[in-house]
Amino acid sequence: MQIFIDTADTEALAALIPTGMVDGVTTNPSLIAKSGRKIADAITEICAMVDGPVSAEAVATDYEGMLAEGRFLRELAPNVVVKLPLTENGLRACRTLSEEGTPVNVTLCFSATQALLAAKSGAAFISPFIGRLDDNGADGMELIREIRTIYDNYGYDTQILAASARTALHVKDAALVGADCATIPPTVFKAMYRHVLTDVGLQAFLDDWAKTGQSIL
Ligand code: E4P
């Protein structure tokens with residue numbers, strides 16, 4: 001499973017890169033606003049930090065505007081993926097940009113039929129928002145399961161990018177139902193490896209080792 005970091009905070013991202021487990025990055029207009037950066041500067045810097053796909057979101061809502069913004073964002077770096085919302089214009093623009101060779105991440109997906117249309121429009125990634133569905137009393141993971149089945153039934157190669165993942169449990173469940181990637185905030189990345197029993201066990205081993213008076217080197 002590919003792990004993407006959902007952030008426009010380059011400091012937070014820089015701290016995770018040395019793990020070697022960051023496969024890509026996703027941003028959205030809210031994350032860019034939170035960073036206080038100009039989108040072109042933030043995306044260019046992030047793209048230089050990671051080899052994998054970096055999603056940069058257009059904010060135009062009309063077809064021509066989406067194309068213009070998508071083409072601008074695509075030129076920022078070779079690993080930019082243009083992110084477009086799952087609207088009629090977004091799907092149209094997804095088809096056009098995909099045919100031009102630009103990978104598109106279709107975002108704000110909340111239903112299986114939306115995901116089916118994104119695949120038909122040539123999307124490289126579909127982003128179902130599991131956390132926001134859960135927040136609204138729906139079952140976000142069930143949506144990932146449905147999309148997996150539909151894409152497998154018809155051989156669509158659009159990658160399922162589990163988005164709005166709020167916990168390590170979300171990531172585990174998304175992996176179990178076959179999501180190709182998950183995008184998570186830095187806090188969730190850390191929560192994936194931290195375990196109280198690991199800490200307690202390590203301390204016990206170190207305490208016992210100290211009693212031996214040995215050193216390995
Ligand atoms: C995905 O690409 C979005 O940026 C993100 O996952 C949204 O997460 P949120 O619902 O926690 O804001």
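Whatever comes next refers back to the structure up there.
Basis of the calculations
- All residue numbers refer to positions counted from 1 along the written sequence of the respective chain.
- Since the coordinates come from a predicted model, pLDDT governs what is reported: local features require at least 70, and pairs of side-chain atoms require 80 or more to be given and counted, while whole-chain, interface and lining totals use all residues.
- Note that the side-chain values use all heavy atoms of the structure and ignore hydrogens as well as water.
- Cavity and pocket criteria rest on a 1 Å grid covering protein atoms alone: a 1.4 Å probe that fits but cannot get out defines a cavity, protein on both sides within 12 Å along at least 5 of 7 lines defines an open pocket, and an atom within 4 Å of a point defines a lining residue.
- Grid points are joined across faces, edges and corners, and a volume is the space filled by probe spheres set on the points.
- The helix and strand labels rest on DSSP assignments: H or I over at least four residues marks a helix, E over at least two residues marks a strand, and numbering proceeds from the N terminus.
- Each residue gets one label: Ala, Val, Leu, Ile, Met, Phe, Trp, Tyr, Cys and Pro are nonpolar, Asp, Glu, Lys and Arg are charged, and the others, such as Gly, are polar.
- A pair of strands is treated as paired once DSSP finds two or more bridges between them.
- Note on method: axes are straight lines fitted to C-alpha atoms, helices fitted across the in-contact stretch only, with angles between N-to-C directions ranging 0 to 180 degrees.
- Salt bridge, as applied in this entry: a Lys or Arg side-chain nitrogen positioned within 4 Å of an Asp or Glu carboxyl oxygen.
- Partly exposed residues are those whose accessible area sits between 20% and 50% of the maximum for their type, while under 20% is buried and over 50% is exposed, using a 1.4 Å probe and protein chains only.
- Here a residue-residue contact requires only that any non-hydrogen atoms of the pair lie within 4.5 Å.
- The near set for a molecule or strand comprises every residue that places at least one heavy atom within 4 Å of it.
- As used in this structure description, the phrase polar contact means that two N or O atoms lie within 3.5 Å; if the pair is within protein, one of them must be able to donate a hydrogen and the other to accept it, and residues adjacent in sequence are counted only when both atoms belong to side chains.
- Reported accessibility uses the Shrake-Rupley method at a 1.4 Å probe radius. Residues are deemed covered only where the shown protein chains occlude them.

**Student:** Mind showing me how you'd approach the layout of surface pockets here?
**Tutor:** Gaps left between atoms are located by rolling a probe of water-molecule size over the structure's atoms. Considering only enclosed or pocket space, the largest pocket measures out at about 280 Å³ in volume. Surrounding the largest pocket, 17 residues form its lining, Asp6, Asn28, Leu31, Arg132 and Ser164 being those nearest its centre. Where the lining of the largest pocket is concerned, the elements lending two or more residues are helix 2 (29-35) and strand 8 (181-184). Grouping the constituent residues of the lining of the largest pocket by class yields six nonpolar, seven polar and four charged. Here the second largest pocket defines a volume of roughly 210 Å³. If you trace the second largest pocket, you find it lined by Asp6, Thr7, Ala8, Asp9, Thr10, Ala12, Leu31, Lys34, Ser35, Arg37 and Pro186.

**Student:** I keep staring at the sheet that holds strand 4 (residues 80-85) and nothing clicks. Help me out?
**Tutor:** As a general point, the strands of a sheet are linked pairwise by backbone hydrogen bonds and lie either parallel or antiparallel. Sheet architecture is closed into a barrel: eight strands sit in the order 1-2-3-4-5-6-7-8, paired in parallel fashion. Geometrically, the sheet is characterised by an average inter-axis angle of 30° between neighbouring strands, direction not taken into account. With two bridges connecting them, strand 2 (residues 24-26) and strand 3 (residues 54-57) associate as parallel partners. Bridged to Thr26 within strand 3 is Ser55.

**Student:** Sorry if this is basic, but what is going on with the pattern of salt bridges here?
**Tutor:** Opposite charge on two side chains allows them to pair when their charged atoms are near. By the definition in use, this model includes nine salt bridges. Salt-bridge contacts for Glu45 lead to Arg37; the nearest nitrogen and oxygen are separated by 2.8 Å. We classify Glu45 as partly exposed; its relative accessible area is 34%. Arg145 serves as the salt-bridge partner of Glu142, at 2.3 Å between the closest nitrogen and oxygen. Of this pair, Glu142 and Arg145 both sit in helix 8 (residues 140-154), three residues apart, roughly one helical turn. What makes Glu142 partly exposed here is its relative accessible area of 30%. The partly exposed category is assigned to Arg145, whose relative accessible area is 37%.

**Student:** Looking at this structure, I do not really get unusual backbone geometry. What am I missing?
**Tutor:** Backbone geometry follows two general trends: most residues other than glycine have a negative phi, and most peptide bonds adopt the trans configuration. Even without a glycine there, the phi angle at Leu108 is positive, about 60°. Its location among the elements puts Leu108 in strand 5 (residues 104-109).

**Student:** Would you mind going over the environment of Glu57 with me for this structure?
**Tutor:** Relative to the assigned elements, Glu57 resides in strand 3. Judged by its relative accessible area of 12%, Glu57 is buried. If sequence neighbours within four positions are ignored, Glu57 has contacts with Thr27, Asn28, Pro29, Ile39, Leu73, Lys83 and Thr107.

**Student:** It is not clear to me how the site of the ligand should be interpreted in this structure. Could you clarify?
**Tutor:** Residues in contact with the ligand, as listed here, are Asp6, Thr26, Asn28, Lys83, Phe129, Arg132, Ala163, Ser164, Arg166 and Thr183. A distance of 2.6 Å separates an oxygen atom of the ligand from a polar side-chain atom of Lys83. With respect to the ligand, the side chain of Arg132 contributes an N or O atom lying 2.7 Å from an oxygen atom. Taking 350 Å² as the accessible area of the ligand by itself, protein coverage stands at 85%. Taken together, the residues that form the shell around the ligand break down as two nonpolar, four polar and four charged.

Coordinates in, geometry out; function isn't part of it.
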